[in-house]
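Structural overview
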Amino acid sequence: METIKSRGDISDLFSCGKRLHTPYLTFIVLPTKQHGPQGRVAFIAGKKSGNAVWRNSAKRRMRAICHDLGGPWAGYDVIFLAKSGIMRSSYSTVHTACAETLKRAELR
């Protein structure tokens, strides 16, 4: 799984990407052709949402959801941005909400 590491790439996604919201996280999606057929992902859990233990758990959960949903998606850069509710709900609830949102975005 290739991750987005460049601060410039992440800021481009935040400024130009399409936002898809769930109660548990926000997806920021941008089609890309720069990085070949393979897509890239980034997982962000901000300091405002919780302490280091919470942020690590949220990122772990987002990585698992991405893997279960078949990510990264070819031709797309996707940011998973955690909201505070991601750790309060069960994994299956979060997974279902993400699957429905990505299906609406035609990524899945």
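This structure is a prediction, so every number in the text was calculated from the model and none was measured.

A look at the pairing of strand E4 (residues 76-82)
Where burial is concerned, most of E4 is hidden: six out of the seven residues are buried. Across seven bridges, the pairing between strand E2 (residues 25-31) and E4 is antiparallel. In the sheet register, Leu 25 faces E4, and the bridge partner there is Ala 82. Where the polypeptide runs from strand E3 (residues 40-44) across helix H2 (residues 52-68) and back to E4, its parallel neighbour, the crossover connection is left-handed.

Focus: the pattern of salt bridges
According to the stated counting rule, one finds two salt bridges in the structure shown. The residue Arg 40 makes a salt bridge to Asp 9 at a minimum N-O spacing of 3.2 Å. You can see Arg 40 sitting in strand E3 and its partner Asp 9 sitting in helix H1 (residues 7-16), a full 31 residues away along the chain. Overall, the relative accessible area of 6% leaves Arg 40 in the buried class. One salt bridge in this structure joins Arg 40 and Asp 77, with 2.9 Å as the shortest N-O distance. Of this pair, Arg 40 sits in strand E3 while Asp 77 sits in strand E4, and the two are 37 residues apart along the sequence. Judged by relative accessible area, which is 5%, Asp 77 ranks as buried. The network of salt bridges with shared partners includes Asp 9, Arg 40 and Asp 77.

About the criteria used
Residues numbered from 1 in each chain as written. Predicted model: local features only at pLDDT ≥ 70, side-chain atom pairs only at ≥ 80, totals over all residues. Heavy atoms only, no water. Buried < 20%, exposed > 50% of the residue type's maximum accessible area, 1.4 Å probe, protein only. Helix = DSSP H or I, 4+ residues; strand = E, 2+ residues; numbered from the N terminus. Pairing = 2+ DSSP bridges. Right-handed = clockwise from strand over helix to strand, strands pointing away. Salt bridge = Lys/Arg side-chain N within 4 Å of Asp/Glu carboxyl O.

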